[in-house]
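# Chains, contacts and geometry: an overview
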Amino acid sequence: MQGFGILSVLVWLPILGGIVVLALGDRRVAAARWVALLAAVATVAIAIPLVTGFDRGTAEFQFVERLPWIPAFNSWYHLGVDGISLPLILLTAIMTVPVIIAGWTVIESRPTQYYAAFLIMAGLMIGVFAAIDGLLFYFFWEAMLIPMFLIIGVWGGPRRVYATIKFFLYTFLGSVLMLVALIYLYVQGGDYSLRALHELPLTLAEQRWIFLAFLAAFAVKVPMWPVHTWLPDAHVEAPTGGSVILAAIMLKMGGYGFLRFSLPITPDASRELDWLMIGLSLIAIVYISFVALVQTDMKKLIAYSSIAHMGFVTLGSFIAWDIAASTGTLDGVAMGLDGAMVQMISHGLVSGAMFLCVGVMYDRVHSRDISAYGGVINTMPKFAGFTVLFAFANAGVPGTSGFVGEFLVIIASFKANFWYAFLAATILVMGAAYTLWLVKRVIFGPVANDHVARMPDLNGRELVVLGSLAIGVLLLGLWPAPLLEIMNSSIHHLVAQMTTSKLPI
Amino acid sequence: MSDTPTAWSTIALASPEMYLVAAICAVLLIDVFAGGAKRPRLTSTVTLLALAVGAWVTLDHGNVSVRVLAFDGLYVADPLALVLKLSGLLFTAAALLYSRPYLERRGIAGGEYYVLALTALLGIYVLASANHLLSLYLGVELLALSLYAMVAFDRDSGVAAEAAMKYFVLGSIASGMLLYGISVVYGLSGTLAIDVLAQQLAGEPSLGLIAGTVFVIVAIGFKFGAVPFHMWVPDVYHGAPTAVTLFVSTAPKFAYFALAYRFLSQGLDAISPTWTQMIAVIAVLSLIVGNLFAIAQSNLKRMLAYSAIANVGFILLGFATGTVAGYRAALYYTIVYVLMTLGSFGVILLAGRRGHEADELDDYKGLHARDPMLALMMLALMFSTAGVPPFVGFWAKLAIFEALWQVGATWLIVIGALASVVGAFYYIRVVKLMYFDDAPAQPRGEAGFGLRLVLGLNALAALALGLMPAALMEICARALAG
């Protein structure tokens, strides 16, 4: 049994920071802001030893903490990281900083509660990725709904109430079904620990139901077509920071759930139902890309683009058996999973940055309509440079992080089936079409109106935020090897788990 | 028949009840003879002190590790009785703390209120320790009569009188049902002692016994307020003064738990397959009707009444398993639910002021701007009742689901899960009103610091028990050891 350690600090430090910020109150907002920033930056700093001390050679959980929590359910306060959760924890810690900075002066109503909500969110989300006890995972997973519900509902746009209630009920319904499945697994095996769940033998019928219950929770979060409809509403109405967290991290929880729960716990059902997952992923990629093309609202466009990009995550995760069947080896399987993971991290950075860009414009003009802009490059040249870079990354141009994940998944799909790859590759065209068309209409051309003419260029705060994200996007695009190296052992372990049948022969 | 010596040592087991009777007499006398403007305050202080001493007496005399019978088998002291009594006492004290300023401001803080609360508590005590169908009935009636009077306690309120009348008439029918059921069971088994009854019943139940069980279940359904015997719940919750609703909706739930557990789980254990089916049906109906009707309410007290019906559905789901794990989960759920209900009605008390009951949902519009602390507490309580972690309500639902999975009751779980999603809607609607809507200009409630402290502790308990649920689960496990 190991006591408290670095992971606990990562989970609880932002939450405590949030409580301190809340206690400071709106009357001491300047102090609260700095405390919030300090907590966010400290979280990133504390995450650094996690990377440097991480043993890349093993798939075992590291930095493990295990303390008794609920003996009645044999559930433990059990934290740990492996190559799959570590990058996502880093992403969460890193993306919280720009969110705090982005709201620095923009949020006028109840600012301290805004910072507190995001800090608490950050802690809970790290908890989701760090928990290796099923019940603890669910605990963090659900608790996150409360701050997000408030973030959209309090600071969102005109239809915020509708959007937030829709968001809450959609995700709550999915989660409750997952809980039911988790309890079933516990009753069967008498243990909530993730490794025990992974090894629990299950019949095909059991696996099928459990897979579907998990699917209900994860598909809503990813979100997969056809349960994606909450996302555009939530995104559009959420404040900038809320959109960033939603796109950058919350959607990743669905993908993480598939890798962590569905694939290893129900490998046979995943194999049996992979046609469903592949089908839904391809629909998300192709159909949702067309939907994105016709959007007139910038945030909605990016929201739909997120759904399409997340389709790559589910495609890369579930294409494994087709690859194995058509190539006869497991070599290509890891490539699909690698692609899914890289896509998650990359999309976290890129979509977050895109939403921040929209936020920068929204703060100046207070409109999200594409038609309200035009020729922004004339008044905001620095900003235009960043936007174009992130748009390229979103379109998957080589050299940016967006390219690596998509490329890996497309190559993996090629090994499975030419037509999968063909359909998946449409995103290269479509993604370029809707993103670059957006850029063309908003950034280029003559100055559209007086509002645009009066837009001041980026201030120092915005420059730091977008600049650091730009570095991340380029770094990951040009040199993804360190990330792949961290994931390598865990991905191979996962491949072994998901290709080993749990059924008696 | 087990050995039941009538020695002083066993009679001393009933000290908590005897102490309560003495306390009731003392409070009554003090209230009659104390004069002047300070009278209500004095009576309530004495009552609270009496309850504090009562907690000590209960703990001192009721803390037994094994079942002990007394009074020729009429009375049982076991760990379950201790937990139920202490919970009843704790929540009675909390309810009195909450209601004191409310009653004083409205000038209805008569001493009768405190005496009635104590007699109701005595009823809870008697029920918790009943090992005999007659002492069970005695406890039910003692509790019920106190509650009828409390609902009608504000004599000038027509709504309250109407509520009390409905409660009385329907409650009397329920009592009649219970008595009839008891007589049938007695006729077929020849005994009224619960432990003897449990030994005598075996094998397939006769048609007569099934009929008797139906009557018992109807009575239990009435008392709990489960569908289709729930008609009185919204009217009583709505019509009674909020302080009384607070009491009616909290502590008595432990008595009804005792009634169901002692009669069904202990006495009729041998025919549990028969009654678990019936309980499952009314549990499912309660979940569906309670949650759907709660959505349609515009009055918070009525909404919480339907929420109570839905939550009773969950408690009964625990009984529907017919297993010790299920009873444990039901006990845990009862304690947790009562804790949250106490806080929710506490918020209604705090948000109100003289001449204005803040019981319409619209009264909570923009509460966050007026009174951030109160809104935060209500937020915690609403999310907790909806079953969202990190609050304790989540664990209560989890415990019920776990117990249901152990008996493989898939459909009950699915219905329970879907019902909790529907339920989440009206709980978060309250949060929506408080946080997202603009406030009409309205003065704050006039709650003092003391009340806020109580409410703060109440909401904090919902959070603390949610983060560290093990201790309370352990208590429930000990109360109902296999």
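Residues numbered from 1 in each chain as written. Chains lettered and ligands numbered in written order. Predicted model: local features only at pLDDT ≥ 70, side-chain atom pairs only at ≥ 80, totals over all residues.

## Description of the overall build of chain A
This is how it is decided: A run of H or I in DSSP becomes a helix once it reaches four residues, and a run of E becomes a strand once it reaches two; helices and strands are each numbered from the N terminus. We take the radius of gyration over the C-alpha atoms and set the globule estimate at 2.2 Å times the residue count to the 0.38 power. Three exposure classes are used. Buried residues have 20 or more other C-beta atoms within 10 Å of their own C-beta, exposed residues have 12 or fewer, and partly exposed residues fall in between, all C-beta atoms being placed from the backbone.
When you go through chain A residue by residue, the secondary structure sums to 23 helices and two strands. The C-alpha atoms of chain A give 22 Å as radius of gyration, which agrees with the globular expectation for 505 residues (23 Å, within 12%). On the principal axes, the C-alpha backbone points of chain A span a range of 70 × 55 × 40 Å. In chain A, which comprises 505 residues, the proportion classed as buried is 61%.

## With respect to the overall build of chain B
For the record, the criterion: Residues are scored as being in contact if the C-beta atoms we place from backbone atoms lie within 7 Å.
When you go through chain B residue by residue, the secondary structure sums to 21 helices and two strands. Compactness check: chain B gives a C-alpha radius of gyration of 21 Å against a globular reference of 23 Å for 482 residues, within 12% of the reference. Projected onto its principal axes, the C-alpha coordinates of chain B cover approximately 65 × 55 × 40 Å. Residues counted as buried form 61% of the 482 residues belonging to chain B. Within chain B, counting contacts between residues at least 6 apart in sequence, those at least 24 apart form 80% of the total.

## A look at the packing of helix 4 (residues 79-105) of chain B against helix 21 (residues 470-479) of chain B
All names here are of chain B. Heads up, the condition is: Every angle, taken between N-to-C directions, lies between 0 and 180 degrees, and every axis is a line fitted to C-alpha atoms, over only the stretch in contact when it is a helix. The labels follow the angle: roughly parallel below 35 degrees, roughly antiparallel above 145, roughly perpendicular from 65 to 115, and oblique for the rest. When residue character is reported, Ala, Val, Leu, Ile, Met, Phe, Trp, Tyr, Cys and Pro are called nonpolar, Asp, Glu, Lys and Arg charged, and the others, Gly included, polar.
Running from N to C, helix 4 and helix 21 cross one another at 135°; their axes reach a closest spacing of 7 Å. Between helix 4 and helix 21, the angle is such that the two are oblique. Of helix 21, the residues touching helix 4 (which contributes Pro-79, Leu-80 and Val-83) are Ile-475, Arg-478 and Ala-479. For the contact of helix 4 with helix 21, a count of residues per class yields five nonpolar, no polar and one charged.

## Quick look at the packing of helix 13 (residues 274-293) of chain A against helix 20 (residues 418-442) of chain A
Residues and elements named next belong to chain A. We count it as follows: Helix crossings are classified by the rotation of the near helix relative to the far one: an anticlockwise turn of less than a right angle makes the crossing left-handed, while a clockwise turn makes it right-handed.
Between helix 13 and helix 20, the least distance of the axes is 9 Å, while the angle of their chain directions is 20°. In terms of orientation, helix 13 and helix 20 fall into the roughly parallel class. Pair helix 13 / helix 20 crosses with left-handed handedness. Taking contact as the criterion, the partners of Ile-278, Leu-282, Ile-285, Val-286, Ser-289, Ala-292 and Leu-293 in helix 13 are, on helix 20, Tyr-420, Leu-423, Ala-424, Thr-426, Ile-427, Met-430, Gly-431, Ala-433 and Tyr-434. The class makeup of the residues in the contact of helix 13 with helix 20 is 13 nonpolar, three polar and no charged.

## Details of unusual backbone geometry
Going from Val-222 of chain A to Pro-223 of chain A, the amide bond is cis rather than trans, its omega being -15°. Checked against the element boundaries, Pro-223 of chain A lands in the loop between helix 9 (204-221) and helix 10 (230-237). Here Val-227 of chain B and Pro-228 of chain B are connected by a cis peptide whose omega angle stands at 5°. Tracing the sequence through the fold places Pro-228 of chain B in the loop between helix 9 (207-224) and helix 10 (232-239). Within the chain, Asn-74 of chain A stands out as a residue other than glycine whose phi angle is a positive 50°. Here Asn-74 of chain A lies in the loop between strand 1 (62-70) and strand 2 (75-81).

## Overview of the confidence of the model for chain B
Caution applies to low-pLDDT parts of the model: their predicted coordinates are not meant to be read in detail. Rule in force here: Per residue, pLDDT measures the predictor's confidence, with a range of 0 to 100.
Chain-level statistics for chain B give a pLDDT mean of 89 and a share of 97% at 70 or above. For this predicted complex, the interface score ipTM comes out at 0.89, alongside a pTM of 0.92.

## Regarding helix 6 (residues 145-155) of chain A
Among the 11 residues of helix 6 of chain A, 11 are classified as buried, and the element is accordingly described as predominantly covered. Looking at helix 6 of chain A, one finds that the buried residues are Leu-145, Ile-146, Pro-147, Met-148, Phe-149, Leu-150, Ile-151, Ile-152, Gly-153, Val-154 and Trp-155 of chain A.

## A few points about the pairing of strand 1 of chain A
This is how the line gets drawn: At least two DSSP bridges between two strands are needed for those strands to be called paired.
With six bridges connecting them, strand 1 of chain A and strand 2 of chain A associate as antiparallel partners. From the neighbouring strand, Arg-66 of chain A faces strand 2 of chain A, where its bridge partner is His-78 of chain A.

## Quick look at the interface of chain A and chain B
Taken together, the 27 residues of chain A in the interface contact 25 residues of chain B. Elements that contribute at least two residues to the side of chain A that touches chain B include exactly strand 1, helix 5 (134-143), helix 6 and helix 7 (160-189) of chain A. The greatest single-element share of the side of chain A that touches chain B, amounting to 13 residues, is contributed by helix 7 of chain A.

## Section: the nonpolar core
Just so we agree on the cut-off: Here, a nonpolar core means buried Ala, Val, Leu, Ile, Met, Phe, Trp, Tyr and Cys residues linked by C-beta atoms lying within 7 Å of one another.
Formed by 409 residues in total, the largest nonpolar core has its most connected members in Ile-89, Leu-119 and Val-180 of chain A together with Leu-127, Val-151, Tyr-332 and Tyr-333 of chain B. The element that contributes the greatest number of residues to this core is helix 15 (residues 324-351) of chain B, accounting for 20 residues.

## What to know about helix 15 of chain B
We count it as follows: In this scheme, a helix's expected span is set at 1.5 Å multiplied by one less than its residue total.
Helix length check: helix 15 of chain B, at 28 residues, gives a terminal C-alpha distance of 41 Å against a target of 40 Å (1.5 Å per residue), a fit within 8%. Within helix 15 of chain B, 27 of the 28 residues are buried, leaving the element largely enclosed by the surrounding structure.

## A closer look at the environment of Ser-99 of chain B
Residue and element names in this part refer to chain B. Among the secondary structure elements, Ser-99 is positioned in helix 4. The class for Ser-99 is buried, based on 26 C-beta atoms found within 10 Å. Along the chain, Ser-99 and Leu-246 lie 147 residues apart, while their C-alpha atoms are 8.1 Å from each other. Once residues within four sequence positions are removed from consideration, Ser-99 is found in contact with Ala-243 and Leu-246.

## Quick look at the pairing of strand 2 of chain A
Most of strand 2 of chain A sits inside the fold, with six of its seven residues counted as buried. Hairpin geometry of strand 1 of chain A and strand 2 of chain A is characterised by an intervening segment of four residues between the two adjacent antiparallel strands and by a positive phi of about 50° at Asn-74 of chain A.

## What about the confidence of the model for chain A?
Averaged over all residues, the pLDDT of chain A equals 87, while 99% of them reach at least 70. Of all secondary-structure elements in chain A, the lowest mean pLDDT belongs to helix 21 (residues 450-453) of chain A, at 81, while helix 5 of chain A reaches the highest, 92.

## Looking at the environment of Lys-502 of chain A
Tracing the sequence through the fold places Lys-502 of chain A in the segment after helix 23 (481-499). Each residue touching Lys-502 of chain A, except ones within four places of it in the same chain, is listed here: Pro-201, Leu-202, Pro-267 and Asp-268 of chain A.

## Some points on the environment of Leu-42 of chain B
Residues and elements named next belong to chain B. Mapping Leu-42 onto the fold places it in helix 3 (residues 39-62). Residues Leu-42 and Val-27, spaced 15 residues apart in sequence, show a C-alpha to C-alpha distance of 9.6 Å. Setting aside chain neighbours within four positions, we find Leu-42 in contact with Ile-30 and Ala-34.

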